[in-house]
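Given next are the chains, with one letter for each unit.
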Amino acid sequence: MLKGNPEIGVYNRELPKGCELCRVGGKLVVFVTGECGDSCYYCPVSENRFGKDILYANEKQTNDVLDLIYEAYRMGANGAGITGGDPIVRLDRVIEIITKLKAEFGDDFHIHLYTSGRYINQDSLEELQRSGLDEIRFHPINKEYLVYVEKALKYSMDVGIEVPAIPGEERYLDFIVKWAENHGIKFVNINELEITERNASRLNSMGLRVSHGLAGSNKSSDMALSLLKNNKDCRINLHYCSSVYKDVVETRTRFLRTIKYSSKPYEEFTGEGTIIKAIVKSTMDLSQFGELENEKYTISYSVAKELLKQGKVDEVKVIEELPYGLRISESVESKSK
């Protein structure tokens, strides 16, 4: 029997551990490098990341692995997902990240990693296992890459396959599910195909358009759900993850979690995972309500509105931003005359 919501995700047995933690916003997203030896035409990685050797902790670019630990504390993370590009291109960096996260948060801090498998060999798998990697997810872009998945089965980490549902490739996906079941793979994740600025031209030429959420391709969701229905009694875990979930639910849940653990007392928040605060200039001492910087106080919007109402300040600048600092909007409210 299939479980879940088609708008968010559907699965037949159990969710992979990494997905369970993702659903509660508990996974630190580590973009370890944009470099990759494959050139998948449907790759959704943005132009400013793809092919560039850069490191991100959630949405913040960084050069220091210690910043990952800080960000994990800031959001109350109980695990991390390492992605790219192909993280194995920078195996030394990956090993350092896993080792330091495990040393800081303990063995129960669950870490999973995505790779096409192109650079996987015995040495890399042994290094990953020694560092404490819990789960490895392969994206075999063709059947030849399945040999790399088989290599990983000799190790203690959970082995899964994660592939996009590309309309027209139904037979390949059905083959992947059957192959995974016959080889004892723990799970197969099927993601709704995402159309982004970087891959839109090629996908549009194939007749694919955004029709679901912010980026979900037409036909992709139906294809994935049909595959799960046809294989619902499969002996391994099958999971369909929608673009709506990835772009809206997971991200918003992670933002709300970050706000819960690290927001300041005067920062109010919305159900969309954004922070609202106010900046006022006043001769009054408002330090009990917030912080003073450059002769201006940053305080809660609720307090600022009351001060405006009472005529104690002339105007208030209202700021809405994401938990990592990206400003969404700002406006000015003045006292009534």
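Above this text is the structure in question.
Residues numbered from 1 in each chain as written. Predicted model: local features only at pLDDT ≥ 70, side-chain atom pairs only at ≥ 80, totals over all residues. Heavy atoms only, no water.

### Observations concerning the layout of surface pockets
So, point 1. The computed volume of the second largest pocket comes to approximately 160 Å³.
So, point 2. Those elements giving two or more residues to the lining of the second largest pocket turn out to be strand E15 (275-280) and strand E18 (315-321).
So, point 3. Element by element, the count of residues in the lining of the second largest pocket is highest for E18, at three residues.
So, point 4. The class makeup of the residues in the lining of the second largest pocket is five nonpolar, no polar and five charged. (1 Å grid on protein atoms, 1.4 Å probe; cavity = no way out; pocket = protein on both sides within 12 Å on 5 of 7 lines; lining within 4 Å. Points joined across faces, edges and corners; volume = space filled by probe spheres on them. Helix = DSSP H or I, 4+ residues; strand = E, 2+ residues; numbered from the N terminus. Nonpolar A, V, L, I, M, F, W, Y, C, P; charged D, E, K, R; others polar.)

### Quick look at the packing of helix H2 (residues 65-75) against helix H3 (residues 91-105)
So, point 1. As a packed pair, H2 and H3 sit with axes 10 Å apart at the nearest point and diverge in direction by 40 degrees. Here H2 is positioned oblique relative to H3, judged by the angle of their axes. Crossing of H2 over H3 shows right-handed handedness. Mapping the contact onto sequence places Val65, Leu68, Ile69, Ala72 and Tyr73 in H2 and Glu96, Ile97, Lys100, Leu101, Glu104 and Phe105 in H3. (Axes fitted to C-alpha atoms, helices over the stretch in contact; angles between N-to-C directions. Parallel < 35°, antiparallel > 145°, perpendicular 65-115°, else oblique. Left-handed = near helix turned anticlockwise from the far one by under 90°. Contact = heavy atoms within 4.5 Å.)

### Notes on the side chain of Asn191
So, point 1. One can find Asn191 in strand E10 (residues 187-192).
So, point 2. Not counting chain neighbours up to four residues away, the residues in contact with Asn191 comprise Glu162, Val163, Pro164, Ala165, Ser220, Cys241 and Lys246.

### Notes on the packing of H3 against helix H4 (residues 122-131)
So, point 1. Put simply, H3 and H4 touch, their axes get as near as 9 Å, and they point 15 degrees apart. In terms of orientation, H3 and H4 fall into the roughly parallel class. In the crossing of H3 with H4, the sense of the turn from one axis to the other is right-handed. Contacts between H3 and H4 involve Leu91, Val94, Ile95, Ile98, Thr99 and Lys102 from the first element and Ser124, Glu127, Leu128 and Ser131 from the second.

### Focus on the pattern of salt bridges
So, point 1. Summed over all chains, the structure comprises 22 salt bridges.
So, point 2. The shortest N-O distance in the salt bridge between Lys178 and Asp174 comes to 3.1 Å. Pair noted here: Lys178 and Asp174 are both in helix H6 (residues 170-183), with a separation of four residues, about one helical turn.
So, point 3. Lys178 gets classed as partly exposed once you look at its relative accessible area, which sits at 35%.
So, point 4. Looking at Asp174, the relative accessible area reads 28%, which means it is partly exposed.
So, point 5. The partner of Arg254 in a salt bridge is Glu250, with the nearest N and O atoms 3.3 Å apart. In this pair, Arg254 and Glu250 both sit in helix H9 (residues 243-262), four residues apart, roughly one turn of the helix. Glu250 carries the same exposure label as Arg254, and that label is buried. (Salt bridge = Lys/Arg side-chain N within 4 Å of Asp/Glu carboxyl O. Buried < 20%, exposed > 50% of the residue type's maximum accessible area, 1.4 Å probe, protein only.)

### A look at the nonpolar core
So, point 1. Core analysis: the largest hydrophobic core is formed by 57 residues, its most contacted members being Val30, Ile82, Ile97, Leu128, Ile136 and Ile161.
So, point 2. Not counting chain neighbours up to four residues away, the residues in contact with Ile82 comprise Val30, Val32, Pro87, Val94, Ile97, Ile98, Ile111, His112, Leu113 and Tyr114. (Core = buried A, V, L, I, M, F, W, Y, C linked by side-chain atoms within 4.5 Å.)

### Looking at the sheet that holds strand E3 (residues 27-33)
So, point 1. With mixed pairing, the 11 strands of this open sheet are ordered in space as E1-E2-E13-E10-E9-E8-E7-E6-E3-E4-E5. Edge positions in the open sheet fall to strand E1 (3-5) and strand E5 (60-62), since each of these has one partner strand only. Each adjacent strand pair in this sheet contributes to an overall mean axis angle of 20 degrees, direction not counted.
So, point 2. Contacting E3, strand E4 (55-57), strand E6 (79-84) and strand E7 (110-115), H3 crosses the sheet at an angle of about 155 degrees to E3. (Pairing = 2+ DSSP bridges.)

What is shown is where atoms sit, not what they do.
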